[in-house]
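The primary structure of each chain is shown beneath.
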Amino acid sequence: MTDFHYIGKETKRPAGPDKAAGKAHYIHDLVRPGMLFGKIKFSEHPHAHIKNIDISRAERLPGVKAVITAYNTPELRIGFLRDNFALKKDKVRQYRDEVAAVAATDPETAEEAIRLITVEYEPLPGIFSPHDALKDGAPLVHETDARGRARSDNVLPLRFHHESGDLEVGRSAASHSAEGEFSTPLVQQCCMGTAGCIAEFSMSNNLTIWAKTQIPFLAQRDFNRALSDMGLGGRNTRVIVPTLGGGFGSGLDTHTYEYIAILLAFQTGRPVKIVYTRDEEFAFLSPRQSTHTRIIQGCDSEGRLTFRHVEVLQDNGAYTSWGATYPSVMMLPATSLYRVPNVYFDSKLVYTNNTYCQAMRGYGNPELTWALESNMDELAGEAGIDPADFRMINCNEPGETTPMGLKVSTCGLKECLESVAEKLDWKKKHGKGKRRGVGMASLMHVGGSGRIYRSDASGLIIKLDDFGNANVYYGGIEMGQGLHTFLTQAVAEALGIRPENVIINPTDTGTCPWDVGTHASRGAFMAGNTAILAAEKLRRRIFEFAEELFPKEVAKNIKKLQKKDPDFKAPDFDVAAAAKRDRFELKDGFIFIKDAPAEGYMRVELGRLLRAIHFRNQGQMLTADVFYDPPNELPDFEKGYGNISATYAYGAQGAEVEVDTETGEVEIIRMAAAHDVGKVLNPQTLKGQIYGALAQGVGYALYEEIQSHEGRILNPDFRDYKIPGTLDMNFPIDLEFIETDDEYGPFGSKGVGEPGLVPTAPAIANAIYDAVGVRVHDLPITPEKILAALNKK
Amino acid sequence: MRINISFMLNGSEVVVEVEGHHRLIDVLRDQLGLTGTKEGCGKGECGACSVLVDGRAVNACLYPALEAEGRSVTTIEGLRGPNNELSTVQQAFVDQGAIQCGFCTPGMIMSAKALLDSNPDPTEEEIRSALLGNLCRCTGYVQIVEAVRQAAVQLRDKP
Ligand code: FES
Ligand code: FES
């Protein structure tokens, strides 16, 4: 397919005008009749026994409708290891542990009630670094596992491991090697719209929850399990997703506040809303996990990689959410970015009394790529090879199967590297020093969804109405990335109607078919493939009906014309004979016969044909539903093998920086980015994805970090936790898309939601090294760290 | 203590009863149901709550409601023309793809409007400085700056 009507065009975001007018409704804006406001009381210690909770004064406060603790509500275990609880009993393990909650008629009363709750603790020694957690005799964060079996250490029972080739052979084949230790900090997703939900029960004890989620159907499953734990087995949850004020991975798990709202709503019989303030979001929502990576790579005298050894240590925090499974993604670049024959990858995950962690854009990939691409430059330096050339020597190629078993259908990495080198004027600028430098880094990521559950599917329903509109029901989430824009284009393109006749309905588990969630950059890939399948089904049915009905409608057209103009003569074309299903075409909302004379009266508007199908005896309305599970495999993560994605996205970014050696300040002069996106579906939204992700990458590189002391978050606001603002991003970004036309991607495209921030930090770090000859191994690269490194030099 | 205040809101006079500690954003969102103004931080650090008071962009999360007495307040709801028509600045944000999740958008548009009302031909530096207090996590600002540029040109060309 090359002759696209809407694909590749700048179709506008369907909700754009509403958002511009302040008419889009986020969770913050929603109100239900009789709604109460929930508030949570969090722990005052990072690790302590709970001796007593006194809620009596809070209960007596006028306006308070419920005060709950783990002692007066059913136990709700949550998280995929079931090591977390909605409300904590006996022991707290982090500052963000929920010890009590209230529901009141207004937010001020709820806040006041929280202040009236007093908790007596007996503090316990805590552990605040993963290294300490591994020490002999370290205090145990969890004494038992979810099944009640005694635990002897703080190591989680999760194994992500890979070995291929023979590391010893790789080592002895190496003429050069480089070893480095790298770390990445806790980082907040910083959605501008904070997290929140409204929970409400009907009298039949079915739950409706308006949730800021990226996984409505997995959330439904989690909440149904909670209902069953509340003694409401067999009752059902309906998840409705309002407009999201950003996602970035923060909505990939269900949250304690949601379970607490559910408990409060059930107890009070009224809708209960909990929305986090910004301080709460910083302190009590799961951020990006911190990592420590040790990496050793070697290459032969020609610069070809001979081995790679990677060990990752992750601070899981006190409980387990998806942060724990970052290594499932880390092993992709670890095994498969560049061609490397002998690979060892291992990861260890330990409990501490720090905040527990969740998904964030890139999901382990930026963390691992930080180490890998910094170390690539170190190794290039050892080998005396230009880092750009070094990358080209080891570049991935289409058609290869990597040590992890990833099948590379298409790969534009080489073109991306060339593009970045050219945009940065690499040959002229690299290696000149004098406080100015250039650096680059590559990336690979899943680009054809990523199978991390048994089902990696998405369903889609298109309901045609009497007016030629396609009403679309899809469970994937629009969180700002432009999913609904592309879904509109894809349905219009594949069905043959105009984008303004595509209506995307709100995401609701009650109406939309199942979807595993909007993660792994799979939004457009899955939406496109399902739209194409559903459109095919509908076109087939429309054309079947058209065999009988189309000639009648054309005859009416001709009759009308003859009435107007008695001399009108229809051309000598036997419409009835030509009206065969495989000779029809549907484009821009009109049906016609492909080889018929191109006259207006030889076309029939889709709505008119649909009405003809509907309003006759035994009439029909046309609806198509499809369920698409992509051609990929659930890897064996303990062996580190399996083709996790149908295709892979590649890219490279480069930076030119100037470093002030007096202050350690880094100024980005410009950045270049080239991404293998398969096919550009919508230039405007695509650019928006890369610009936005790259900005997050700049923050990750230079200043973003949740600072904590003994588990307490010290910078829970935008004054002390800096994210990039307009002036921080005041440099040109030279962006190019490489089209590789992937066979699995819808219209040839690959997923690109996450890649834009994956290589940013190492590209900047490599540029800093080129400028002043120092390498900072721990993100973020603050002026203090640069000065310290310069002083050491 | 509750006090009646009156002010001009998007061109019409409103009278509301407020308490001393109420912020302008509480009055707009909770009392008057104008939820277009967003609260992203409540501390004057993100600009999501930007509204115009006597033509100047202020953070409604810091602005005491009592201070609005006798003044003229414009919110995002006040920019739309009759028949659901977007204003030039709003339309420019739609056209340039300057909107992703949209949570920062109303505040961003109000700050942009304040800038263009006082400086019809801003440089890129001036645009970026005017939007310094408005954080956006989604866009990286490139298309936002382009939108303000488009709006500036269109407003200048308007008869
Ligand atoms: S909500 Fe007012 S500045 Fe953030
Ligand atoms: S569009 Fe999401 S914060 Fe700006």
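What counts and how
- Residues numbered from 1 in each chain as written.
- Chains lettered and ligands numbered in written order.
- Predicted model: local features only at pLDDT ≥ 70, side-chain atom pairs only at ≥ 80, totals over all residues.
- Helix = DSSP H or I, 4+ residues; strand = E, 2+ residues; numbered from the N terminus.
- Buried ≥ 20, exposed ≤ 12 C-beta atoms within 10 Å, placed from the backbone.
- Rg over C-alpha atoms; globule rule 2.2 N^0.38 Å.
- Contact = placed C-beta atoms within 7 Å.
- Pairing = 2+ DSSP bridges.
- Axes fitted to C-alpha atoms, helices over the stretch in contact; angles between N-to-C directions.
- Nonpolar A, V, L, I, M, F, W, Y, C, P; charged D, E, K, R; others polar.
- Arc of directions from axis to C-beta.
- Domains from an automatic or database assignment.
- Parallel < 35°, antiparallel > 145°, perpendicular 65-115°, else oblique.
- pLDDT = per-residue confidence, 0-100.
- Left-handed = near helix turned anticlockwise from the far one by under 90°.

On a plain count of helices and strands, chain B comes out with five helices and five strands. Across chain B, helices and strands are ordered from the amino to the carboxyl terminus as β-β-α-β-β-β-α-α-α-α. The principal-axis extent of the C-alpha atoms belonging to chain B is close to 45 × 35 × 25 Å. When burial is assessed residue by residue, chain B has 54% of its 159 residues classed as buried.

What follows concerns the overall build of chain A. Scanning chain A for helices and strands turns up 20 helices and 30 strands. Taking 2.2 N^0.38 as the reference for a compact globule, 793 residues should give roughly 28 Å; the C-alpha atoms of chain A span a radius of gyration of 29 Å, in line with that estimate. Counting the 793 residues in chain A, one finds 60% classified as buried. The contacts of chain A with a sequence gap of at least 6 include a subset with a gap of at least 24, amounting to 81%.

The strands making up a sheet associate through hydrogen bonds between their backbones, and the pairing can be parallel or antiparallel. All names here are of chain A. Strands sit in the order β18-β26-β27-β30 across an open sheet of four strands; the sheet is mixed. The open sheet has two edge strands, β18 (436-446) and β30 (733-738), and neither has a second partner. On average, each strand axis in the sheet is inclined to that of its neighbour by 15°, with strand direction left out of account. Summarising the sheet, strand β27 (residues 666-676) and β30 pair through six bridges and their orientation is parallel. Its bridge partner lying in β30, alanine 674 is registered against glutamate 736. Its contacts with the sheet place helix α12 (residues 413-423) against β18, β26 (648-659), β27 and β30, and it is angled at close to 20° to β26.

Residues and elements named next belong to chain A. Its place among the elements puts serine 708 in strand β28 (residues 708-709). Along the sequence, serine 708 and proline 341 sit 367 residues apart, while their C-alpha atoms lie 40 Å from each other. Beyond its immediate sequence surroundings of up to four residues, serine 708 is in contact with Asn354, Ile713 and Leu714.

What follows is about the interface of chain B and chain A. Listed as interface residues are 40 residues of chain B and, on the opposing side, 43 residues of chain A. Where the side of chain B that touches chain A is concerned, the elements lending two or more residues are α2 (88-95), α3 (105-118) and α5 (142-157) of chain B. Tallied by class, residues from the side of chain B that touches chain A come to 20 nonpolar, 13 polar and seven charged.

Residue and element names in this part refer to chain A. Looking only at helix α3 (residues 107-116), the buried set comprises Thr109, Ala110 and Ala113. Angular distribution of buried residues about the axis of α3 spans 100°; they occupy a single face of the element. In the core, the buried residues of α3 are packed alongside β1 (36-42), α2 (56-60), β3 (64-69) and β7 (98-104).

All names here are of chain B. Taken together, five strands build an open sheet; the order of strands is β2-β1-β5-β3-β4 and the sheet is mixed. Lying at the two open borders of the sheet, with one neighbouring strand each, are β2 (12-19) and β4 (56-59). Ignoring strand direction, the axes of neighbouring strands in this sheet form an average angle of 45°. Bridge count for strand β1 (residues 2-9) against strand β5 (residues 72-74) is two bridges, and the pairing is parallel. Across the sheet, the residue bridging to methionine 8 is serine 72, located in β5. Across the face of the sheet, α3 comes into contact with β3 (50-53) and β4 while running at roughly 35° to β3.

Bringing the domain arrangement of chain B into the picture now. Residue and element names in this part refer to chain B. Looking at the assigned domains, one finds that chain B contains domain 1 (2-78) and domain 2 (88-157). On a C-alpha basis, the centres of domain 1 and domain 2 stand 21 Å from each other. Taken together, the contacts link 15 residues of domain 1 with 13 residues of domain 2. When residues of the side of domain 1 that touches domain 2 are traced back to their parent elements, those giving at least two are β3 and β4.

A few words on the packing of helix α15 (residues 523-564) of chain A against helix α17 (residues 606-614) of chain A. All names here are of chain A. Between α15 and α17, the shortest axis-to-axis distance is 10 Å and the interhelical angle comes to 100°. What the angle tells us is that α15 and α17 run roughly perpendicular. Counted together, Ile542, Phe545, Ala546, Leu549, Phe550 and Glu553 of α15 and Arg608, Leu609, Ala612 and Ile613 of α17 form the full contact between these two elements. Residues of the contact of α15 with α17, tallied by class, amount to eight nonpolar, no polar and two charged.

Another point: the pairing of strand β8 (residues 118-123) of chain A. It is a general feature of regular strands that their side chains alternate between the two faces of the sheet. All names here are of chain A. The buried count for β8 comes to zero of six residues, which makes it a mostly uncovered element. As paired strands, strand β2 (residues 48-54) and β8 are joined by six bridges and run antiparallel to one another. In the sheet register, aspartate 54 faces β8, and the bridge partner there is threonine 118.

Our focus in this paragraph is the confidence of the model for chain B. Per-residue confidence for chain B gives a mean pLDDT of 97; residues scoring 70 or more make up 99%. The ipTM, which scores confidence in the relative placement of chains, is 0.98 for this predicted complex, and the corresponding pTM is 0.97.

What follows concerns the packing of α2 of chain B against α5 of chain B. All names here are of chain B. Axis separation between α2 and α5 bottoms out at 8 Å; the angle between their running directions is 135°. As the angle between them shows, α2 and α5 are arranged oblique. Here α2 and α5 pass one another in a crossing that is right-handed. Residue-level contacts link Thr88, Val89, Ala92, Phe93 and Asp95 of α2 to Ala147, Gln150, Ala151, Gln154 and Leu155 of α5. Here the residues of the contact of α2 with α5 are counted per class, giving six nonpolar, three polar and one charged.

Right, let's get into helix α1 (residues 24-31) of chain B. All names here are of chain B. Every buried residue of α1 is listed here: Leu24, Ile25, Val27, Leu28 and Arg29. Summarising the contacts, the buried residues of α1 are in contact with β2. One or two residues past the end of α1 sits glycine 33, with phi positive at roughly 70°.

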